[in-house]
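Here is how the chains run, residue by residue.
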Amino acid sequence: MAEQKSASQIKSWTEPDDRLGMWLFIAAESVVFLCLIATFLVSSKSTLNGPDAAELLELPPILIPSFLLLSSSWTFHLAEKRMEHRNISNTMLWLSITLSFALVFLGFEIYEFFEYAKEGYTLSESPFLASFYVLVGTHGAHVLFGSVWMGLLLWHLYTKRTIWTNWKRIRAFGLYWHFVDVVWVFIFTLVYILGSQGVY
Amino acid sequence: MNSIPFFNTEIDLVSDVIFGHVSALLLGAAAIFFLSYKKKWGILWDWMRTTDHLKIGMMYLAASFVFFLRGGLDAMFVRLQLAFPNAEFWVFQGEKYNQMMTTHGTTMIFFVATPLLIGLMNVAVPLQIGARDLAFPFLNSLSFWLFICGGALINISYLLGGSPEAAWTSYSPLAIGGYSNNTGNNFYALGLQVAGIGTIMTAINFIVTIVKRRAPGMTYMRMPLFTWGSLVAVILILLAFPALGAAVLLLMFDNIFATEFFAGGSGNPLLWQHLFWIFGHPEVYIIVLPVFGLFSDIISTFSKKPVFGYLSMVIALALITFLSFMVWVHHMFTVGYGATVNAIFAISTMLIAVPTGIKVFNWLFTMRGGRIRFPTAMLFSVGFIPTFVIGGVTGVMVAMVAADYQYHDSYFVVGHFHYVMVGGTIMGAFAGIYYWMPKMFGFLLNEKLGNIHFWTFLIGFHLTFFPMHFMGLNGMPRRVYTYLPEDGLFGLNFVSTIGAFIMAASVLLFLYNIWYSYNTQPNEAGGDPWNGRTLEWTIASPAPSDRWKRLPVINHREPLWESKKAGKTALEYAEHEERHVEEHASSLPVIISAALFIAAFGFVFEVFSIAIAGLAITFGIMIYRSLTFDKNVEWSGEDSEDGQGKGGSIHG
């Protein structure tokens, strides 16, 4: 049975079907984000009476959450490595760190959105603001979804399900989480860096 | 006008809406009575929970046929309204006419053409490649129920405050900001969103199945062409439907949260057109490529010859797939992007005629010198070829930019795409149903009725749609509910309406054929009623539920035909059943879909408590599914000696 197999074999337990399915899901998600990024670029000059990107966005406040989110890809990788060596408690430790980074990122983002809303910069103010909120918000929703997912993974690890199901869960989630980070690289560059420098 | 308030809208108490409510109630009551009287609730519940690809395929076919009748009814209303100049048929003028033609288009594209083919794929692809089931059976069931929920949303809109009326393309700014019925537009956005998610998951499922779950020896170049057509079509779904998802998400924001993405002044109406057609043009190939493959299989079987130019067929499919993402602006020639842009997209559009032409000639050469039989499936295939060529030629005509300024938004275009879609997809679906009926139910459809069905359909089809080209050339615009006597369009329109009635009668005859054959045909079609060549004809009809206990070993493109030639009675099979996971039937897909239906309902009527509750239930059930996953799977088969059999034992 699965549980008796040696640690060296754990890699071969990777559910290849799940991984391919996840890759395809990411392909579909990429198209969604491409469309939303295109929408942002198209709408970025329609600011009406609202602020434009240079007025709205500042680089310094976004650096910490960006650093944490991108680091979480690395901490997750460590979790995966621990899992490969069947060190479940360390897996859970690194996964918790990943989760906390994601939650801090979400906190920053929610705070940012509230700050803007307080100044009256709401969704319906201008197409630029709407495209900003929808693009960044969709990514935020993915981080939220990933956080709930990580909570679920921790529970699975804690309750010690069969190791092969947990392993394939971790592997599938890994693809998703790295993808969410990669999307942030694009958003950070296109929206925050170029936006705050007045390119749009 | 009498009306009753319903959330943020009102339901008008006029004859057609009351008729709709009464007929919905009567049909619902009749269904409940039938299920109770015949004690079929248990069977219904079993089918709702099933994860079996064959059963899901049959449900796809049945459900999309129901939507086909609905979309057909809309078409009949449209044709009746257009039969005479200045006609006033019932209520179908102005807005109501727009609602009919919008619902007709939306239903036929999203809830008939696409799921009919997904149904055929579900039935045939795993049998053709020797897979036990799709890679993710649970997901397959979920996809199906999301499709049902999306279809239900579009279909109840007429009863609850009005259908979408901005045409199936839902161009902005018409579709936003109160220029058309807002409830209807919300139904459009949410219905397509829910169904689209299901369709994307189907695509993932089929790609993984075809890539990972082929029987030993079933190389890519040994796959039947229907499987090839399905593979490229689902790749298109995977990359095209997310664009629609993003587009309807933004449309929803515009209509519900007062953003202005697509608004005329501040936003960008062309953005919608781009997003929509980046999805919309590949969609045309999504619903025709599996049919291309299907016709290749059928023509080869009934010509008693292998497909002519198999490799070129595969290459042509791949080329069409590749090109289909580079042509979307040909829907937007009249926008005025200038000569360079238009020329590039015109050339890429015309290029598609090359691989399509290769396919047409290959079909003809497959028949050449063959021993041809003409059962109904073959009749539809042969009838398809000239029909589709007409549609293809008019396609090249509208691809010429200068000429397109004349054709654009005229009935010429309506004629063109009905030739491609009805002549391709619908005739293909009929052919597929006649062909694979024994694999689903174990009996063949009556051939005599099938012949009448084919000829009435073909004649009705050409009578309906051929005159439309001339209407368009004579200046009749699309989506306008009437014309004047002096326009000189009466004769053509009247012929078209007669043709529509013949087609309607033909479809009813097809339904009668199913009922008649069910009662009279012997249930002993046998595994191989057509003297078939490919893998699906090696197993019994109807396909047993434990098909492929041991996987077949494939060593030829036409395994069944090869073994017949060699005088063998059976294929080779793997030595033992290797380990694989089997998942139990589950009611969760139905519940998740129902929850998403509730969420979508909340968004449509802008009652966000309902919407959030629906989403919460959806994610709650997903968590529940994750927590109970281990209990819901079962091991089947045995370990191979090294513990590392192909595909199976790596599960654990």
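Residues numbered from 1 in each chain as written. Chains lettered and ligands numbered in written order. Predicted model: local features only at pLDDT ≥ 70, side-chain atom pairs only at ≥ 80, totals over all residues. Heavy atoms only, no water.

1. Considering the interface of chain A and chain B
Step number 1: Facing the 42 residues of chain A at the interface are 43 residues of chain B.
Step number 2: At the boundary of chain A with chain B, total buried surface from both sides reaches about 3500 Å², with 71% on carbon and sulfur atoms.
Step number 3: Per-residue buried area on chain A facing chain B is highest for A:Asp17, A:Leu24 and A:Trp164; these three make up 16% of the total on that side.
Step number 4: The tally of links from chain A across to chain B stands at one salt bridge.
Step number 5: Among the ionic pairs, A:Asp17 bridges to B:Arg213, the shortest N-O distance being 2.3 Å.
Step number 6: Contributions of two or more residues to the side of chain A that touches chain B are made by α1 (16-43), α5 (127-158) and α6 (163-196) of chain A.
Step number 7: For the side of chain A that touches chain B, the element with the most residues is α1(A), which contributes 16 residues. (Contact = heavy atoms within 4.5 Å. Buried area = accessible area lost by both parts, 1.4 Å probe. Salt bridge = Lys/Arg side-chain N within 4 Å of Asp/Glu carboxyl O. Helix = DSSP H or I, 4+ residues; strand = E, 2+ residues; numbered from the N terminus.)

2. Some remarks on the environment of B:Ile612
All names here are of chain B.
Step number 1: By secondary structure assignment, the location of isoleucine 612 is in helix α20 (residues 608-628).
Step number 2: What makes isoleucine 612 exposed here is its relative accessible area of 56%.
Step number 3: Separated by 449 residues in sequence, isoleucine 612 and serine 163 have C-alpha atoms that sit 24 Å apart. (Buried < 20%, exposed > 50% of the residue type's maximum accessible area, 1.4 Å probe, protein only.)

3. Structural notes on the confidence of the model for chain B
Step number 1: Across chain B, pLDDT averages 93, with 97% of residues at or above 70.
Step number 2: Within the model, the stretch residues 640-652 of chain B combines pLDDT values under 50 with 33 contacts to residues more than four positions away or in other chains. (pLDDT = per-residue confidence, 0-100.)

4. Concerning the side chain of B:Thr106
Step number 1: Mapped onto the elements, B:Thr106 comes out in helix α4 (residues 94-129).
Step number 2: On the basis of relative accessible area, B:Thr106 is assigned to the buried category, the value being 0%.

5. Some details on the packing of aromatic side chains
Step number 1: Inspection of the entire model under this criterion finds 93 aromatic pairs over all chains.
Step number 2: Each ring, one from A:Phe145 and one from A:Trp149, has its centre 6.1 Å from the other, and the planes form 75°; the classification is edge-to-face. One end of the pair, A:Phe145, and the other, A:Trp149, are both in helix α5, four residues apart, so they sit about a helical turn from each other.
Step number 3: The partly exposed category is assigned to A:Phe145, whose relative accessible area is 30%.
Step number 4: Here A:Trp149 falls in the partly exposed class, since its relative accessible area comes to 21%.
Step number 5: With a centroid separation of 6.2 Å and 65° between ring planes, the pair formed by B:Phe603 and B:Phe608 is classed as edge-to-face.
Step number 6: Here B:Phe603 falls in the buried class, since its relative accessible area comes to 15%.
Step number 7: A residue is classified by how much of its surface remains accessible, and B:Phe608, at 32% relative accessible area, is partly exposed.
Step number 8: Directly above the aromatic system of B:Tyr220 lies the positively charged group of B:Arg214, at a separation of 3.9 Å from the ring centroid.
Step number 9: Note that B:Arg557 overlies the ring of B:Tyr310, its terminal NZ or CZ placed 3.6 Å from the centroid. (Phe/Tyr/Trp six-rings, centres within 6.5 Å; stacked < 30°, edge-to-face > 60°. Lys NZ or Arg CZ within 6 Å of the ring centre and 35° of its normal.)

6. Examining helix α5 (residues 137-156) of chain B
Step number 1: Taking 1.5 Å per residue as the helical rise, α5(B) with its 20 residues ought to reach 28 Å, and the 29 Å between its terminal C-alpha atoms agrees with that figure.
Step number 2: Counting buried residues along α5(B), 16 of its 20 residues qualify, which places the element largely inside the surrounding structure. (Expected span 1.5 Å × (residues − 1).)

7. Quick look at the nonpolar core
Step number 1: Grouped together as the largest cluster of nonpolar side chains are 254 residues, with contacts concentrated most on A:Phe132 and A:Tyr192.
Step number 2: Considering every element that reaches this core, the biggest residue donor is helix α7 (residues 225-256) of chain B, with 22 residues.
Step number 3: Split by domain, the residues of this core number at least three in each of domain 1 (1-286) and domain 2 (288-529) of chain B.
Step number 4: Setting aside residues no more than four positions away along its own chain, A:Phe132 makes contact with A:Phe40, A:Leu56, A:Leu57, A:Glu112, A:Phe113, A:Tyr116, A:Gly137, A:Val191 and A:Tyr192. (Core = buried A, V, L, I, M, F, W, Y, C linked by side-chain atoms within 4.5 Å. Domains from an automatic or database assignment.)

8. Section: the domain arrangement of chain B
Many structure descriptions define interface size as the accessible area lost when the parts assemble.
All names here are of chain B.
Step number 1: Examined at the domain level, chain B breaks down into domain 1 (1-286) and domain 2 (288-529).
Step number 2: On a C-alpha basis, the centres of domain 1 and domain 2 stand 20 Å from each other.
Step number 3: Between domain 1 and domain 2, the residue contacts involve 62 residues of the former and 63 residues of the latter.
Step number 4: In total, domain 1 and domain 2 occlude about 5300 Å² of area from one another, counting both sides; carbon and sulfur atoms represent 77% of this.
Step number 5: Three residues stand out in domain 1 for area buried against domain 2, namely Arg79, Leu225 and Tyr285, and they jointly supply 15% of the buried area on that side.
Step number 6: Joining domain 1 to domain 2, the criterion identifies zero salt bridges.
Step number 7: Here domain 1 is connected to domain 2 by 23 residue pairs in polar contact (both at pLDDT 80 or more).
Step number 8: Of all elements in the fold, only α3 (53-82), α4, α7 and α8 (269-286) reach the threshold of two or more residues within the side of domain 1 that touches domain 2.
Step number 9: When residues of the side of domain 1 that touches domain 2 are assigned to their parent elements, the largest contribution, 16 residues, is made by α4.
Step number 10: Within the side of domain 1 that touches domain 2, the residues separate by chemical class into 47 nonpolar, 13 polar and two charged. (Polar contact = N/O pair within 3.5 Å; in protein donor to acceptor, adjacent residues only side chain to side chain. Nonpolar A, V, L, I, M, F, W, Y, C, P; charged D, E, K, R; others polar.)

9. Concerning the packing of α3(B) against α4(B)
Residues and elements named next belong to chain B.
Step number 1: Close contact between α3 and α4 brings their axes to 7 Å; oriented N to C, the two are set at 155°. It follows from the interaxial angle that α3 and α4 lie roughly antiparallel. Our pair here, α3 against α4, has a crossing hand that is left-handed.
Step number 2: A breakdown of the residues in the contact of α3 with α4 according to their chemical character gives 24 nonpolar, 11 polar and two charged. (Axes fitted to C-alpha atoms, helices over the stretch in contact; angles between N-to-C directions. Parallel < 35°, antiparallel > 145°, perpendicular 65-115°, else oblique. Left-handed = near helix turned anticlockwise from the far one by under 90°.)

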